[in-house]
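# Summary of the model geometry
Below are the chains, spelled out letter by letter.
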Amino acid sequence: MAVSTEEQQLMRRIEKRLMKGIVDYGLIEDGDHILVALSGGKDSLALLELLARRARIYKPRFTLHAVHVVMKNISYHSDEDYLREYATSCGVPFMQVETSFDPVSDTRKSPCFLCSWNRRKALFTVAQQLGCNKIALGHHMDDILATLLMNLTFQGAFSTMPPRLVMRKFDMTIIRPLCLVHEADLRELAHIRGYKKQVKICPYEHSSHRADMKEVMELLEQMNPEARYSLWGSMSNVQQELLPAEREPDLGSTPGPYAKERKDADG
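Residues numbered from 1 in each chain as written. Predicted model: local features only at pLDDT ≥ 70, side-chain atom pairs only at ≥ 80, totals over all residues. Heavy atoms only, no water.

What follows deals with unusual backbone geometry. Phi is positive for aspartate 171, close to 55 degrees, though the residue is something other than glycine. Structurally, the position occupied by aspartate 171 is in the loop between strand E6 (164-167) and strand E7 (172-175). (Helix = DSSP H or I, 4+ residues; strand = E, 2+ residues; numbered from the N terminus.)

Below, the structure written as structure tokens:
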């Protein structure tokens, strides 16, 4: 079957952004054994295909293992046969593991955090068993920018999901090779490839603001078509001297009238 010009252009665009992310952030090195977290969504399916294609090229030389984590206490219908066949078609071995969490056991954290963290712990465990030194997640540019906006809005923190994160406690590195790839391109790729959707019915989805932040991102891009690039660039262009900073305390002076209020506010 002939590949259309549109598909060729799409793949060139995606692979160019994939390689730029890998090179700019040093995500993959010679000899890496990478666990690909295969959720079954379009992003992780695309990630596996793209990395498998790169693994067949001589440098850098790396190997892959696809792992799907099932959260037993959330209605999520995984087609294990489809995921296994898909991974096999990419030339990548596949494994499925199960885990769960109890939202009643830790009320300090949201169910979304507990679910994500327990999935991540399961991936760490399997990665160590398989001898992997890195875990590849399917977060794309839109995910990372949405997280930046969420953290600014709800946490008061200028932070997001980094392309590369060293987890020293687990002796593992998390990488996000799709960090510079646009979700719109992945959506188009999923349509062309005919990826099969997994069925998820999450009881906690209503409490997440991620979809809201993607709408905010769309509004920003209506005002400025280059908004996503401006936001991305801001993360490496922090002008500290133009940000508010707490005044250094003068140990020899009398506390000002607002000292007690500030102490009370700080707890």
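That covers the picture; the talk isn't over yet.
Here we take up helix H8 (residues 227-234). Of all the residues in H8, the buried ones are Ala227, Arg228, Leu231 and Trp232. Down the axis, H8 shows its buried residues gathered within 135 degrees of arc, on one side only. The secondary structure elements touched by the buried residues of H8 are helix H5 (141-155) and helix H7 (210-223). (Buried < 20%, exposed > 50% of the residue type's maximum accessible area, 1.4 Å probe, protein only. Arc of directions from axis to C-beta. Contact = heavy atoms within 4.5 Å.)

Across the chain, pLDDT averages 87, with 85% of residues at or above 70. Ignoring residues within four places in sequence, the model shows residues 256-267, a span with pLDDT below 50, making zero contacts including any to other chains. (pLDDT = per-residue confidence, 0-100.)

Attention shifts here to the environment of cysteine 132. Position of cysteine 132 relative to the elements: it lies in the loop between helix H4 (111-130) and strand E5 (134-136). Spatially, the C-alpha atom of cysteine 132 lies 8.4 Å from that of histidine 65, the residues being 67 residues apart in sequence. The residues touching cysteine 132, leaving out its near neighbours within four places in the chain, are His33, Ile34, Leu35, Ala127 and Met172.

Time to look at a nonpolar patch on the surface. A cluster of nonpolar side chains, namely Leu152, Phe158, Val238 and Leu243, defines an oily patch on the protein surface of about 350 Å² accessible area. Checked against the element boundaries, phenylalanine 158 lands in the loop between H5 and E6. Assessed through its relative accessible area of 44%, phenylalanine 158 is described here as partly exposed. (Patch = residues over 30% accessible without salt bridge, like charges linked within 9 Å, V, L, I, M, F, W, Y side chains within 5 Å. Areas by Shrake-Rupley, 256 points an atom, 1.4 Å probe, with all protein chains shown as cover. Salt bridge = Lys/Arg side-chain N within 4 Å of Asp/Glu carboxyl O.)

Glancing now at the pattern of salt bridges. Should the charged atoms of two oppositely charged side chains come close, the side chains can pair. Here the structure, examined in full by the defined rule, presents 17 salt bridges. One salt bridge connects aspartate 32 with lysine 134, and the closest N-O pair in it is separated by 2.7 Å. A residue pair is termed long-range when its members are at least 10 positions apart, and aspartate 32 in strand E1 (residues 32-37) and lysine 134 in strand E5 qualify at 102 residues. Residue aspartate 32 shares its accessibility class with lysine 134, and that shared class is buried. With its nearest N and O atoms 2.8 Å apart, the salt bridge here joins glutamate 49 to arginine 193.

All chains considered together, the criterion is met by six aromatic pairs. Where phenylalanine 124 meets phenylalanine 170, the ring centres are 4.2 Å apart and the plane angle is 20 degrees; that geometry is what we call stacked. A residue pair is termed long-range when its members are at least 10 positions apart, and phenylalanine 124 in helix H4 and phenylalanine 170 in the loop between E6 and E7 qualify at 46 residues. The class for phenylalanine 124 is buried, based on a relative accessible area of 1%. Residue phenylalanine 170 is classed as buried on the basis of its relative accessible area of 15%. A connected cluster of aromatic rings, assembled from ring pairs, spans Tyr82, Tyr86 and Tyr195. (Phe/Tyr/Trp six-rings, centres within 6.5 Å; stacked < 30°, edge-to-face > 60°.)

Our focus in this paragraph is the pairing of E1. Where burial is concerned, most of E1 is hidden: six out of the six residues are buried. Side chains of E1 alternate between two faces, with Asp32, Ile34 and Val36 and His33, Leu35 and Ala37 buried alike. Bridge analysis of E1 against strand E2 (residues 62-71) gives six bridges, and the strand direction is parallel. The residue of E2 that forms the bridge with leucine 35 is histidine 65. Sheet analysis places E1 next to E5, joined by three bridges and oriented parallel. Within E5, the position partnered with isoleucine 34 by the bridge is lysine 134. (Pairing = 2+ DSSP bridges.)

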